[in-house]
Amino acid sequence: ENVFSSSLDLLCIVDTDGRFRRLNREWEKTLGYPLEQLAGRRFMELVHPDDVEATQQAAAALAQGREIPSFINRYRCRDGSYRWIEWRSIPAGRLIYAAARDVTESRRTEEQMKEQLAELRRWQQAMLGREGRISELKAEINELLARAGRPPRYGGSADAPSGGGGERDASS
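What counts, and where the lines are drawn
Residues numbered from 1 in each chain as written. Predicted model: local features only at pLDDT ≥ 70, side-chain atom pairs only at ≥ 80, totals over all residues. Heavy atoms only, no water. Helix = DSSP H or I, 4+ residues; strand = E, 2+ residues; numbered from the N terminus. Buried < 20%, exposed > 50% of the residue type's maximum accessible area, 1.4 Å probe, protein only. Contact = heavy atoms within 4.5 Å. Areas by Shrake-Rupley, 256 points an atom, 1.4 Å probe, with all protein chains shown as cover. Phe/Tyr/Trp six-rings, centres within 6.5 Å; stacked < 30°, edge-to-face > 60°. Pairing = 2+ DSSP bridges. Axes fitted to C-alpha atoms, helices over the stretch in contact; angles between N-to-C directions. pLDDT = per-residue confidence, 0-100. Core = buried A, V, L, I, M, F, W, Y, C linked by side-chain atoms within 4.5 Å. Expected span 1.5 Å × (residues − 1). Arc of directions from axis to C-beta. Salt bridge = Lys/Arg side-chain N within 4 Å of Asp/Glu carboxyl O.

1. Description of the overall build of the protein chain
Counting its regular elements, the protein chain contains five helices and five strands. Along the protein chain, from the amino end to the carboxyl end, the secondary structure elements read α-β-β-α-α-α-β-β-β-α. Of all 172 residues assigned to the protein chain, the portion counted as buried reaches 29%. A separation threshold of at least 6 residues defines the contact pool for the protein chain, and within that pool the share at least 24 residues apart is 32%. Only carbon and sulfur atoms are counted for the fraction: they give 51% of the accessible area of the protein chain, which is about 11500 Å².

2. Details of the packing of aromatic side chains
According to the stated counting rule, one finds five aromatic pairs in the structure shown. With a centroid separation of 5.6 Å and an interplanar angle of 40 degrees, the aromatic rings of W27 and W87 are classed as tilted. Here W27 is found in helix 2 (residues 25-31), whereas its partner W87 is found in strand 4 (residues 82-92), with 60 residues between them in sequence. W87 carries the same exposure label as W27, and that label is buried.

3. Things to note about the sheet that holds strand 5 (residues 95-102)
Taken in spatial order, the five strands make up an open sheet running 2-1-5-4-3, and their pairing is antiparallel. Whereas interior strands pair on both sides, the edge strands pair on one side only; in this sheet they are strand 2 (20-23) and strand 3 (68-76). Adjacent strand axes in the sheet meet at a mean angle of 30 degrees, parallel and antiparallel pairs treated alike. Inspection of the sheet shows strand 3 paired to strand 4 by seven bridges, in the antiparallel sense. Bridging across to strand 4, R76 finds its partner in Y82. On top of the sheet, helix 4 (residues 52-63) reaches strand 3, strand 4 and strand 5; it is set at about 140 degrees to strand 3, its chief contact.

4. Thoughts on the confidence of the model for the protein chain
This prediction gives the protein chain a mean pLDDT of 86; 88% of its residues lie at or above 70. Considering only residues more than four positions removed or in separate chains, one finds that residues 157-172, a stretch of pLDDT under 50, has 19 contacts.

5. Details of the nonpolar core
Taken as a class, soluble globular proteins show a tendency for nonpolar side chains to be buried jointly. One finds C12, F20, W27, Y75 and W87 to be the most contacted residues of the largest nonpolar core, which totals 25 residues. Elements with a minimum of two residues in this core: strand 1 (10-15), strand 2, helix 2, helix 3 (35-38), helix 4, strand 3, strand 4 and strand 5. Not counting chain neighbours up to four residues away, the residues in contact with W27 comprise L10, L11, C12, F20, G32, L35, L38, Y75 and W87.

6. Side note on the side chain of S89
Looking at where S89 falls in the secondary structure, it is placed in strand 4. On the accessibility criterion, S89 (6% relative accessible area) is buried.

7. Details of helix 4
Taking 1.5 Å of rise per residue, twelve residues should cover 16 Å, and helix 4 covers 16 Å from first to last C-alpha, within 8% of that figure. Residues of helix 4 that are buried include every one of T55, A58, A61 and L62, and no others. Down the axis of helix 4, the sector holding all buried residues measures 120 degrees, keeping them to one side. For helix 4, the exposed residues set more than 90 degrees away from the buried face come down to E53, Q57 and A63. Next to the buried residues of helix 4 lie strand 3, strand 4 and strand 5. Looking one or two residues beyond helix 4, the residue adopting positive phi is G65, at roughly 90 degrees.

8. Side note on the side chain of R74
Its place among the elements puts R74 in strand 3. Excluding residues within four positions of it along the chain, R74 makes contact with L46, V47, H48, D50, D51, Y82, R83 and W84.

9. Here's the deal with the pattern of salt bridges
With the rule as written, the count across this model stands at 14 salt bridges. Measuring nitrogen to oxygen at the nearest pair gives 3.2 Å for the salt bridge that ties K29 to E26. Highlighted residues: K29 and E26, both in helix 2, separated by three residues, approximately one helical turn. With a relative accessible area of 63%, K29 lands in the exposed category. Relative accessible area serves as the criterion here: at 14%, E26 is assigned to the buried category. Note that E105 and R83 form a salt bridge whose closest N and O atoms lie 3.9 Å from each other. Here R83 lies in strand 4 and E105 lies in helix 5 (residues 104-147), a separation of 22 residues in the sequence. The class for E105 is partly exposed, based on a relative accessible area of 44%.

Next comes the structure, spelled out in structure tokens:
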């Protein structure tokens, strides 16, 4: 009893019909529903529509007596938003004992990092494209100078001027 009421994790007991039989206070803190509204309710009613099929498969495995060491799905909060929940569930007869954690913030952080990485890659590609264009322009300038009978302004390196450290010819 003390472990159930003092845990920082979401703890629950669900029957094999999918109804919450017992929940700790963390459920109320995480999803916003009073415990009285969750007790006896089918957990599938709260599962995000995109996660229903995978959740049904996990529930079927539990009903067959298989433990689920890690499973992540989304649950609807009272305010209509969704939270990502990571589960560990163990079947025992007609009951399922589960411990879960709200991993929403870590999922958001992971998504933000992926977006930032994609943005960095876009910038990198844009910069590489610009460097290529700068090299093309330098080659064109050298070609024009050659046609005018003048020495090239830019050497082989894209950013190193040729001859005398970039000083202009005295006739410029």
